[in-house]
Amino acid sequence: MNRITEFFVGLLFGLGLLLSGMTDPAKVLGFLDLFGTWDPSLAFVMGGAIAVGFFAFALARKRTTNFLGGALHLPKATQIDQRLVLGGLTFGAGWGLAGFCPGPGIVSMASGEVKAAVFVAAMLVGMVLYEVAERTWHRPQAAH
């Protein structure tokens, strides 16, 4: 039953991305083009997402399990550090270059968009490279 619920929640999320225009790279790039032909319409989408997230996290902090009964894992980090800043810059650069971020990229790929498939493939390669780098740089040192 959990998988069915998860599927429908994901389907609803994907539908929201489609309806909001987040899967259209031209619309996204128009939103990011502050000094050109700026399209502010996605600000309403982001504002809605922030509002939902704000109340969802406030509710989640009061719970120990999710609505499906599973363990609830909330972020524990509260510091703005180098990794967070570099991750945000990398995400923003990818979003600005491609016009996709992960969710809309996957939704667009599923609809047959070739550019989105290239984006998702590059994203997966980046994830693998990140994991390799993390294991290499943060490998526990052998005891002397």
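This text gives an overview of the structure that appears in the document. Since we're looking at a predicted model, the values are computed, not measured.

### Describing the packing of aromatic side chains
Then comes step 1: Evaluation of the coordinates by the stated rule reveals five aromatic pairs.
Then comes step 2: With a centroid separation of 5.3 Å and 75° between ring planes, the pair formed by F7 and F8 is classed as edge-to-face. Just as F7 is exposed, F8 falls in that class too.
Then comes step 3: The interplanar angle of 35° and the centroid separation of 6.4 Å between the aromatic rings of F91 and W95 together place this pair among those described as tilted. With F91 and W95 both in helix α4 (residues 82-98), this residue pair falls four residues apart, about one helical turn.
Then comes step 4: By relative accessible area, which is 43% here, F91 ends up partly exposed.

### Comments concerning the nonpolar core
Then comes step 1: Listed in full, the eight residues of the largest apolar core are L17, M22, V28, F31, L42, W95, C101 and V107.
Then comes step 2: Dropping the residues within four chain positions of it, L42 is found in contact with S20, G21, M22, K27, V28 and F31.
Then comes step 3: In this structure, F100, A116, F119 and V120 belong to the second largest nonpolar core, which totals five residues.

### Regarding the side chain of S20
Then comes step 1: Residue placement: S20 occurs in helix α1 (residues 2-20).
Then comes step 2: In this structure, S20 is in contact with K27, L42 and V45, ignoring residues within four places of it in sequence.

Thresholds, definitions, all that
Residues numbered from 1 in each chain as written. Predicted model: local features only at pLDDT ≥ 70, side-chain atom pairs only at ≥ 80, totals over all residues. Heavy atoms only, no water. Phe/Tyr/Trp six-rings, centres within 6.5 Å; stacked < 30°, edge-to-face > 60°. Buried < 20%, exposed > 50% of the residue type's maximum accessible area, 1.4 Å probe, protein only. Helix = DSSP H or I, 4+ residues; strand = E, 2+ residues; numbered from the N terminus. Core = buried A, V, L, I, M, F, W, Y, C linked by side-chain atoms within 4.5 Å. Contact = heavy atoms within 4.5 Å.

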